[in-house]
Amino acid sequence: MPDSAFTIFMIFGFIWILMGVAAVIALVKSEGQAIRFDKSALIVFIPIIVPIVIVLLYQVFRPFFP
C-alpha cells in the first residue's frame, strides 16, 4: 500500500506522455507531412528515454537485491 501514490503518479505520467505523443503526431499529420525520424530526433529522444527506463528498471529489480 505505501507504493500506491507512486503508482498513481506513474500512471498519470504515462497518460501525459501518450497525450504528448498523440498531439505531436496529430500536428505533423495535419500539415500533410510524413512522420519520419532522423539522427537529430534520436539526439533528443535518447537522453529523455534512457534515464526513464533506467529508473523504472531500478524500481522493478530493487526488491530482489538486499
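The structure we're discussing is the one just above.
Residues numbered from 1 in each chain as written. Predicted model: local features only at pLDDT ≥ 70, side-chain atom pairs only at ≥ 80, totals over all residues. Heavy atoms only, no water.

## What about the overall build of the chain?
Across its full length, the chain holds two helices and zero strands. Here the chain has a C-alpha radius of gyration of 16 Å; the compact-globule value for 66 residues is 11 Å, and the former is much larger. For the C-alpha atoms alone, the extent of the chain along its principal axes is close to 50 × 25 × 10 Å. Within the chain, the proportion of its 66 residues that are buried is 0%. On the chain, roughly 6,200 Å² of surface is accessible, and the fraction owed to carbon and sulfur atoms is 79%. (Helix = DSSP H or I, 4+ residues; strand = E, 2+ residues; numbered from the N terminus. Rg over C-alpha atoms; globule rule 2.2 N^0.38 Å. Buried < 20%, exposed > 50% of the residue type's maximum accessible area, 1.4 Å probe, protein only. Areas by Shrake-Rupley, 256 points an atom, 1.4 Å probe, with all protein chains shown as cover.)

## Thoughts on helix 1 (residues 4-30)
Spanning 27 residues, helix 1 covers 39 Å between terminal C-alpha atoms, matching the ideal 39 Å at 1.5 Å per step. Remark: G32 follows helix 1 within two positions and exhibits a positive phi of approximately 80°. (Expected span 1.5 Å × (residues − 1).)

## Details of the packing of aromatic side chains
Following the criterion strictly, the structure yields two aromatic pairs and no others. Residues F12 and W16 carry aromatic rings whose centres are separated by 6.1 Å and whose planes lie at 70° to one another, so their mutual orientation is edge-to-face. Highlighted residues: F12 and W16, both in helix 1, separated by four residues, approximately one helical turn. Seen in terms of ring centroids, F61 and F64 are 6.5 Å apart; in terms of plane orientation they differ by 50°. Their pairing is tilted. Classification of F64 as exposed rests on a relative accessible area of 64%. (Phe/Tyr/Trp six-rings, centres within 6.5 Å; stacked < 30°, edge-to-face > 60°.)

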